[in-house]
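One letter stands for each residue in the lines below.
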Amino acid sequence: MASTCERCRREIREVRVIRVFPRRTRATPTDPLSYVGPPDLFAEADEVHISVTFSWDLPAAERLAREWKHVAPVKLGGPATGMPGGPFEPGQYLRDGYTITSRGCPNRCWYCGVWRREGQEVRPLPIRDGWNVLDDNLLACPEEHIRAVFAMLKRQTERAQFTGGMEAARLEPWHVDALRELRPKQIFFAYDTPDDLEPLREAGRMLLAAGFTTASHSLRAYVLIGYPGDCLDAAENRLLQASDAGFLPMAMLYRDASGRRDPVWARFQRAWARPAMVYRRTP
């Protein structure tokens, strides 16, 4: 994998592109050509790319576009704009270590924009090095691609992570065998709708039988909460069901395009989002 400095030198020799982000997250690049917020006095570029992940950050991104247009021509893109993703370039819009090896998802989940933006046909991409896989639905890819991704992960200096999530209903025995050999740091599954529960339970049975343990906290589950019609008791029950299935649950608070969060739901979500706090709340 090319280092951040090597990538910066390559961009300087060719076209100097500054990437701008409305907010900093764990996945935000940290190289000198990556900015969070407005330009400083030293910002120089041939192009400025503003990348927006969340729809509620679009107003901030539009403000940044006005501020950065004095530095260089601005392009606004990212998932929040509805723009489909292209080939993945490590370190460009995600920090080094993150990788995306496919785009698209065959499911049509009402709360998810992936199938609307990327389409329902999964598109395998050239596999680039990284250890944290963020694919939309890796297990919907052809077997040959999945095995190639696992082979790439074995070469990495860091233990693999699947924070993009895996679909429990697509987990097969050979996936489990490959994951056992890989010994990932963490694998996230999802419990978003009632019909996710039985596949999650079956995935837990398969993974635990293969040697994964609940004590390692490597088996995780995103649990969607706070969507229209949800209540705190029902949400807590789903989180406990995920725990009973063998997964350390992580509450994911539903947010509409405005990004507004009810304070009560926000407090509840925080209590179920940090592993140490969740561990104390589960049996």
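Look a little higher up for the structure.
Attention here is on the structure that accompanies the text.

About the thresholds
Residues numbered from 1 in each chain as written. Predicted model: local features only at pLDDT ≥ 70, side-chain atom pairs only at ≥ 80, totals over all residues. Heavy atoms only, no water. Core = buried A, V, L, I, M, F, W, Y, C linked by side-chain atoms within 4.5 Å. Buried < 20%, exposed > 50% of the residue type's maximum accessible area, 1.4 Å probe, protein only. Helix = DSSP H or I, 4+ residues; strand = E, 2+ residues; numbered from the N terminus. Contact = heavy atoms within 4.5 Å. Expected span 1.5 Å × (residues − 1). Axes fitted to C-alpha atoms, helices over the stretch in contact; angles between N-to-C directions. Parallel < 35°, antiparallel > 145°, perpendicular 65-115°, else oblique. Nonpolar A, V, L, I, M, F, W, Y, C, P; charged D, E, K, R; others polar. Pairing = 2+ DSSP bridges. Right-handed = clockwise from strand over helix to strand, strands pointing away. Salt bridge = Lys/Arg side-chain N within 4 Å of Asp/Glu carboxyl O.

### Things to note about the nonpolar core
Now for step 1: Within the largest apolar cluster, 45 residues are counted, with the highest numbers of intra-cluster contacts made by Phe150 and Phe162.
Now for step 2: Among the elements of the structure, α4 (143-154), α5 (173-182), β10 (186-191), α6 (197-209), β11 (219-225), α7 (232-244), β12 (248-253) and α8 (263-271) are those that each provide at least two residues to this core.
Now for step 3: With near-sequence residues (within four places) excluded, Phe150 lies in contact with Leu138, Phe162, Met166, His175, Ala178, Leu179 and Leu182.
Now for step 4: Judged by nonpolar contacts, the second largest core, of 15 residues, contains Ile18, Leu33, Trp68 and Ala72.

### Focus: α7
Now for step 1: With 13 residues, α7 should reach 18 Å at 1.5 Å per residue; the first-to-last C-alpha distance of 18 Å fits that figure.
Now for step 2: All buried positions along α7 are accounted for by Ala235, Arg238, Leu239, Gln241, Ala242 and Ser243.
Now for step 3: Tucked inside the fold, the buried residues of α7 contact β10, α6, β11, β12 and α8.
Now for step 4: Where α7 ends, the next residue or the one after it, Gly246, has phi of about 110 degrees, a positive value.

### Things to note about the packing of α4 against α5
Now for step 1: Running from amino to carboxyl end, α4 crosses α5 at an angle of 10 degrees, the nearest separation of the two axes being 10 Å. As judged from the angle between their axes, α4 and α5 are roughly parallel. On α5, the residues that touch Glu143, Ile146, Arg147, Phe150, Leu153 and Lys154 of α4 are Trp174, His175, Ala178, Leu179, Glu181 and Leu182.
Now for step 2: Within the contact of α4 with α5, the residues separate by chemical class into 7 nonpolar, 1 polar and 4 charged.

### Things to note about the pairing of β11
Now for step 1: For β11, the buried fraction is high: 7 of the 7 residues fall into the buried class.
Now for step 2: Residues of β11 alternate between two faces, with Leu219, Ala221, Val223 and Ile225 on one and Arg220, Tyr222 and Leu224 on the opposite face, all of them buried.
Now for step 3: One ladder, built from 5 bridges, connects β10 with β11; its direction is parallel. Bridged to Phe188 within β11 is Arg220.
Now for step 4: Of the crossover connections in this fold, the one passing from β10 over α6 to the parallel β11 is right-handed.
Now for step 5: Across 6 bridges, β11 lies against β12 in parallel orientation. Paired with Leu224 across the two strands is Met252, which belongs to β12.

### A few points about the pairing of strand β3 (residues 47-51)
Now for step 1: β3 sits mainly inside the fold: 4 of its 5 residues count as buried.
Now for step 2: With 4 bridges connecting them, strand β1 (residues 17-21) and β3 associate as parallel partners. Each residue of the ladder has a partner; that of Val17, found in β3, is Glu47.
Now for step 3: In this sheet, strand β4 (residues 74-77) lies alongside β3 in parallel orientation, the contact comprising 4 bridges. Among the inter-strand pairings, Ser51 is bridged to a residue of β4, identified as Gly77.
Now for step 4: The parallel pair β3 and β4 is bridged by helix α2 (residues 58-68), and the resulting crossover is right-handed.

### Some thoughts on the sheet that holds β3
One key point about sheets: their strands pair by backbone hydrogen bonds, in either a parallel or an antiparallel sense.
Now for step 1: Strand order in the open sheet formed by 4 strands is β2-β1-β3-β4, and the pairing between neighbours is parallel. The outermost strands of the open sheet, each flanked by one partner alone, are β2 (34-36) and β4. Direction aside, the axes of adjacent strands within the sheet are offset by 25 degrees on average.

### Some remarks on the pattern of salt bridges
Now for step 1: Going through the model one piece at a time under the given rule, you end up with 14 salt bridges.
Now for step 2: A salt bridge links Glu118 to Arg117, with the shortest nitrogen-to-oxygen separation between them at 3.4 Å.
Now for step 3: With relative accessibility at 8%, the residue Glu118 sits in the buried group.
Now for step 4: Each of Arg117, Glu118 and Arg123 takes part in salt bridges that share partners, so that together they form one network.

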